[in-house]
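Structural description and commentary
So the chains spell out like this:
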Amino acid sequence: IHIIDTYINGSSGYRIWSDGYCEQWGRTVYDTATTVTVTLLKEMKDTDYTCQITLFGNTSGYANALGGVYYICWNLTTTSFQHQRYNRQDIQQMWKVSGYLAEGQY
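Description of the structure in this document. Owing to the predicted nature of the structure, the values given are computational and were not obtained by experimental measurement.

With that settled, the discussion passes to unusual backbone geometry. Phi at Asn75 takes a positive value of approximately 50°, unusual for a residue other than glycine. Following the sequence through the fold, Asn75 ends up in the loop between strand S6 (73-74) and strand S7 (80-84).

Next up, the structure:
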């Protein structure tokens, strides 16, 4: 098993493995919406993929407030998912999904 394709465009991208496994990532751009819909760069085989959300930015001083907040993905489809946005301009979120691609996507 080896990498067959890599795409990076600023803060988003993907890496595809020869067996169809794919890692995709990106950054949620700040806006006032509390729910964000992310469109995946490549279509997944099904909704059995891992979705992760990570905070980054100016989190100093907010450790206690952020500690009790859970960032989850929901409404997973083969082409998108939704997640909750932390509504601060200086704190952004990175997302990553991992799983197998749909036929024809690799």
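On to the packing of aromatic side chains, then. Centre-to-centre distance and the angle between the planes together describe a pair of aromatic rings. Per the counting criterion, the structure on display carries three aromatic pairs. Centre to centre, the rings of Tyr7 and Tyr14 are 5.3 Å apart; their planes meet at 25°, and the pair counts as stacked. The exposure class of Tyr7 is partly exposed, given its relative accessible area of 32%. An angle of 75° between the planes, with centres 5.3 Å apart, marks the rings of Tyr21 and Tyr100 as edge-to-face. In this pair, Tyr21 is assigned in strand S3 (residues 21-28) and Tyr100 in strand S8 (residues 91-100), connecting sequence segments 79 residues apart. On the accessibility criterion, Tyr100 (42% relative accessible area) is partly exposed.

Bringing the environment of Gln105 into the picture now. With respect to the helices and strands, Gln105 occurs in the segment after S8. Separated by 83 residues in sequence, Gln105 and Cys22 place their C-alpha atoms 9.8 Å apart. Residue contacts for Gln105: discarding those within four places in its chain leaves Ile16, Lys42 and Glu43.

Let us look at the sheet that holds strand S4 (residues 35-39). Across the sheet, three strands lie side by side as S4-S7-S6; this open sheet has antiparallel pairing. Only two strands of the sheet have a single neighbouring strand rather than two, namely S4 and S6. Looking at chain direction, S4 and S7 are connected through five bridges and run antiparallel. The residue bridging Thr37 from the neighbouring strand is Gln82, located in S7.

Tracing the sequence through the fold places Lys42 in the loop between S4 and strand S5 (50-57). Comment: no salt bridge for buried Lys42; closest opposite-charge side chain is Asp5, at 5.2 Å. Of note is the side chain of Lys42, whose polar atom sits 3.3 Å from the backbone oxygen of Gln105. Lys42 has contacts with Tyr14, Ile16, Gln24, Thr78, Leu101 and Gln105, leaving out every residue within four places of it along the chain.

Parameters and conventions
- Residues numbered from 1 in each chain as written.
- Predicted model: local features only at pLDDT ≥ 70, side-chain atom pairs only at ≥ 80, totals over all residues.
- Heavy atoms only, no water.
- Helix = DSSP H or I, 4+ residues; strand = E, 2+ residues; numbered from the N terminus.
- Phe/Tyr/Trp six-rings, centres within 6.5 Å; stacked < 30°, edge-to-face > 60°.
- Buried < 20%, exposed > 50% of the residue type's maximum accessible area, 1.4 Å probe, protein only.
- Contact = heavy atoms within 4.5 Å.
- Pairing = 2+ DSSP bridges.
- Lys, Arg positive; Asp, Glu negative; His and termini not counted.
- Salt bridge = Lys/Arg side-chain N within 4 Å of Asp/Glu carboxyl O.
- Polar contact = N/O pair within 3.5 Å; in protein donor to acceptor, adjacent residues only side chain to side chain.

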